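Spelled out, the chains give:
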Amino acid sequence: MNKPVLPISSLSLKLPTAGGGLETYRLAASRTFPAKLEGTLNRVAFSAAHVVADPRADVDPWLTAAIDWDRTIAFREHIWDLGLGVAEAMDTAQRGMGLDWATSLELIRRSVGAAKARANALVFSGAGTDHLAAEDAGSIDDVIRAYEAQIAAVEKAGGRIILMASRALAKLGRSPEDYARVYDRVLSQVREPVIIHWLGDMFDPALAGYWGTADLDKAMDTAVAIINANAAKVDGVKVSLLDKQREIDMRRRLDARVKMYTGDDFNYAELIAGDDNGYSHALLGIFDAIAPAASYALSRLAAGDAAGFHDVLGPTVPLSRHIFKAPTRFYKTGIVFMAYLNGHQDHFTMVGGQESARSTLHLAELFRLADKAGLLADPELATRRMAAILATRGIDA
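What you see is a predicted model; the values in this text were computed from it and never measured.

A. Inspection of the sheet that holds strand E8 (residues 234–240) at higher detail. Sheet architecture is closed into a barrel: eight strands sit in the order E3-E4-E5-E6-E7-E8-E9-E10, paired in parallel fashion. This sheet shows a mean twist of 25° between the axes of neighbouring strands, independent of strand direction. The pairing of strand E3 (residues 45–48) with strand E10 (residues 281–284) spans three bridges and is parallel. What sits directly across from Phe-46, in E10, is Leu-283.

Structure below.
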């Protein structure tokens, strides 16, 4: 059950503050959440999951991805135990920021295999065009062939598809007709309905102008028209624009067969709760970092306890907004840091050396916000690990 343990913790450490100072930070009351789903869910909820790097591998991290496969799959078992689905090989797994297509496909094969060994383990996997460098794409047909190749590989592995946005298409697509040509062709061939991912340029600057225009209203018109025209082939759409009203507007325009999966890591609590006109399901990177709290909150919502849902999920939003603050594409650093604090891996090392993408001040504030939201599974362990990171950065905690 979710319940306060102590009004104030006896744990403390020195954390850096803006301006170069230090403060003694005393941890707040801890909260505990079930390690497995209790009850049922009335929302489909995916966690986009990170990969655990292998810090002992003899590779150059900027050039080669070395994965600790055992810990990476163990984290997915943790997600499935909580009743959440895994969105595999997405941007949270550093797809396109350290994780190439060949390694992504190996990850997909392993994850799909692990899911098939369990009952009711949900996994959808990213298929895109990232093996085709944008500068090497000469035509729309090149983009179509790249999508077809990745879709075929994921389906051969027994996986379901999340159709990722394409940097190559963003470069070449000049009109709604170009996007309709690609998506109509690709969707006509998929074995099972897919989730379409609209990723904003705050997550990936190379996707600026997606759907053929920088005007988001016109882009939404194009996206909705393409999705609704192919509704039988679309399970849902994940929107990652960090704009709750645009998501709500799009949700209300979708064919009734198509789910909206919120990708809004700033406003997910209210979007999942919904209103009299509907609600969003979830496909979120932040659910990697807050999976136990998310699972429990969603179970409370399904039980009709809206107050309990907001009591648990509401306090996680300031942490998420901090992790996903601009430059948003560096959010993976905060996600992996949370996994390190909570004992899901024994080091703070990332594919591509991305542990260096956020400042010491950023990590210290992440620790404060995670603590205040009751998200440190073992506060003593988290405090020791925070102190160890500070020590490597010249701060005696």
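B. Fine view of the nonpolar core. Membership of the largest hydrophobic core comes to 125 residues, with the highest contact counts inside it found for Tyr-183, Tyr-210, Met-250 and Phe-287. By residue number, the principal contributor to this core is helix H3 (residues 140–156), which donates eight residues. Beyond its immediate stretch of four places on either side in the chain, Tyr-183 contacts Tyr-147, Leu-163, Met-164, Ala-165, Leu-169, Ile-196, Tyr-210, Trp-211 and Ile-226. Listed in part, the 10 residues of the second largest apolar core include Phe-46, Ala-48, Ile-162 and Ile-195.

C. Spotlight on unusual backbone geometry. For the bond from Ala-326 to Pro-327, the omega torsion is -10°, close enough to zero to count as cis. Counting through the fold element by element, Pro-327 comes out in the loop between helix H12 (317–323) and helix H13 (331–341). Unusually for a residue other than glycine, Gln-94 sits at a positive phi of about 70°. You can see Gln-94 is positioned in the loop between strand E4 (85–88) and helix H2 (101–116). One non-glycine residue, Asn-120, lies in positive phi territory at about 65°. Residue position: Asn-120 is located in the loop between H2 and strand E5 (123–127).

D. Region of interest: the pairing of E8. Along E8, seven of the seven residues are buried, which leaves the element largely enclosed by surrounding structure. Inspection of the sheet shows strand E7 (residues 194–199) paired to E8 by six bridges, in the parallel sense. Looking across to E8, one finds that Val-194 is bridged to Val-234. Handedness of the crossover is the feature at issue here: the chain leaves E7, passes through helix H6 (residues 216–229), returns alongside E8, and the resulting connection is right-handed. Alignment of E8 against strand E9 (residues 259–262), held across four bridges, turns out to be parallel. For Lys-238, the partnering residue across the bridge sits in E9 and is Tyr-261.

E. Seen up close, helix H10 (residues 291–302). Taking 1.5 Å per residue, 12 residues should reach 16 Å; H10 reaches 16 Å between its end C-alpha atoms and fits that length. Counting buried residues in H10 gives nine out of 12 residues, a clear majority hidden from the surface. Of the positions making up H10, those classed as buried are Ala-291, Ala-293, Ala-294, Ser-295, Tyr-296, Ala-297, Leu-298, Ser-299 and Leu-301. The elements touched by buried residues of H10 are E3, helix H1 (69–81), helix H8 (268–273), helix H9 (286–289) and helix H11 (306–313). Taken from the residues just after H10, Gly-304 is the one with a positive phi, measuring 85°.

Cut-offs applied
- Residues numbered from 1 in each chain as written.
- Predicted model: local features only at pLDDT ≥ 70, side-chain atom pairs only at ≥ 80, totals over all residues.
- Heavy atoms only, no water.
- Pairing = 2+ DSSP bridges.
- Helix = DSSP H or I, 4+ residues; strand = E, 2+ residues; numbered from the N terminus.
- Axes fitted to C-alpha atoms, helices over the stretch in contact; angles between N-to-C directions.
- Core = buried A, V, L, I, M, F, W, Y, C linked by side-chain atoms within 4.5 Å.
- Buried < 20%, exposed > 50% of the residue type's maximum accessible area, 1.4 Å probe, protein only.
- Contact = heavy atoms within 4.5 Å.
- Right-handed = clockwise from strand over helix to strand, strands pointing away.
- Expected span 1.5 Å × (residues − 1).

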